[in-house]
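Remarks on the overall topology
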Amino acid sequence: MNINALLVKVTAAIFAAYGAAFIIEPSYLALLVTEASPATPAAITDMRATYGGMSLAVGILLFILAAKPKSVRLGLIAVITLMLSMAGGRIVGIALDGSATQIMWLYLAL
């Protein structure tokens, strides 16, 4: 396995695990990540869908892209696009909101 495929697979595993965890235990993970937990059932459901379902889907799609040598390059482009977009959104949030938790800084570094 080449380094590009490995990077896509590792990123896929992280997204899939993160998504599954948010589907199973959104309130607890929200508290860890944001220092707050959703206050209503609808907010918890939305967190399961957005943080959970979408992250799980990204992980699955990355695994599919990493499975064939012809699509590894597209998987690598997807990983770079995802990570840069998430970092950009986090930077804007930190700049506009004025503070960040330690986990936000860790996520930005990753």
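In this report, the structure presented in the accompanying data block is examined. All values reported here derive from a predicted model rather than from experimental measurement.

Attention now goes to the overall build of the protein chain. Within the protein chain, the secondary structure is distributed over 5 helices and 0 strands. Reading the helices (α) and strands (β) of the protein chain from amino to carboxyl end gives α-α-α-α-α. In terms of overall dimensions, the protein chain has C-alpha extents of about 45 × 30 × 15 Å along its principal axes. Counting only contacts in the protein chain whose residues sit at least 6 apart along the sequence, the fraction spanning at least 24 positions is 60%. Accessible surface computed for the protein chain: about 7,100 Å², of which carbon and sulfur atoms make up 72%. Across the protein chain, the centroid of the 6 positively charged side chains sits 26 Å from that of the 4 negatively charged ones.

In this section: the layout of surface pockets. As a volume, the largest pocket reaches approximately 740 Å³. Along the walls of the largest pocket sit 23 residues, with Phe15, Tyr18, Met86, Arg90 and Tyr107 positioned nearest its centre. Among the secondary structure elements, those contributing two or more residues to the lining of the largest pocket are helix 1 (3-24), helix 2 (26-34), helix 3 (41-67), helix 4 (72-97) and helix 5 (102-109). Split by residue class, the lining of the largest pocket holds 18 nonpolar, 4 polar and 1 charged.

Of note in the backbone geometry, glutamate 35 takes a positive phi value of approximately 65° without being a glycine. Within the fold, glutamate 35 resides in the loop between helix 2 and helix 3. Judged by its relative accessible area of 60%, glutamate 35 is exposed.

Structurally, alanine 66 is set in helix 3. As for alanine 66 and aspartate 97, which are separated by 31 residues in sequence, their C-alpha atoms are 36 Å apart. Discounting residues that sit within four places of it in the chain, alanine 66 has contacts with Ala5, Val8, Lys9 and Val72.

Formed by Val8, Ala12, Phe15, Val58, Leu62, Ala66, Leu76 and Val79, the largest nonpolar core amounts to 8 residues. Where this core is concerned, the elements lending two or more residues are helix 1, helix 3 and helix 4. Those residues in contact with leucine 76, other than ones at most four positions away along the chain, are Asn4, Leu7 and Val8. In this structure, Phe22, Leu29, Met47 and Met104 belong to the second largest nonpolar core, which totals 6 residues.

At a closest axis distance of 7 Å, the pairing of helix 1 and helix 3 adopts a crossing angle of 155°. By the angle class used here, helix 1 and helix 3 are roughly antiparallel. Once helix 1 is placed against helix 3, the crossing between them reads as left-handed. When its residues are assigned to classes, the contact of helix 1 with helix 3 shows 17 nonpolar, 6 polar and 2 charged.

Reading the values: the criteria
Residues numbered from 1 in each chain as written. Predicted model: local features only at pLDDT ≥ 70, side-chain atom pairs only at ≥ 80, totals over all residues. Heavy atoms only, no water. Helix = DSSP H or I, 4+ residues; strand = E, 2+ residues; numbered from the N terminus. Contact = heavy atoms within 4.5 Å. Areas by Shrake-Rupley, 256 points an atom, 1.4 Å probe, with all protein chains shown as cover. Lys, Arg positive; Asp, Glu negative; His and termini not counted. Charge placed at Lys NZ, Arg CZ, Asp CG, Glu CD. 1 Å grid on protein atoms, 1.4 Å probe; cavity = no way out; pocket = protein on both sides within 12 Å on 5 of 7 lines; lining within 4 Å. Points joined across faces, edges and corners; volume = space filled by probe spheres on them. Nonpolar A, V, L, I, M, F, W, Y, C, P; charged D, E, K, R; others polar. Buried < 20%, exposed > 50% of the residue type's maximum accessible area, 1.4 Å probe, protein only. Core = buried A, V, L, I, M, F, W, Y, C linked by side-chain atoms within 4.5 Å. Axes fitted to C-alpha atoms, helices over the stretch in contact; angles between N-to-C directions. Parallel < 35°, antiparallel > 145°, perpendicular 65-115°, else oblique. Left-handed = near helix turned anticlockwise from the far one by under 90°.

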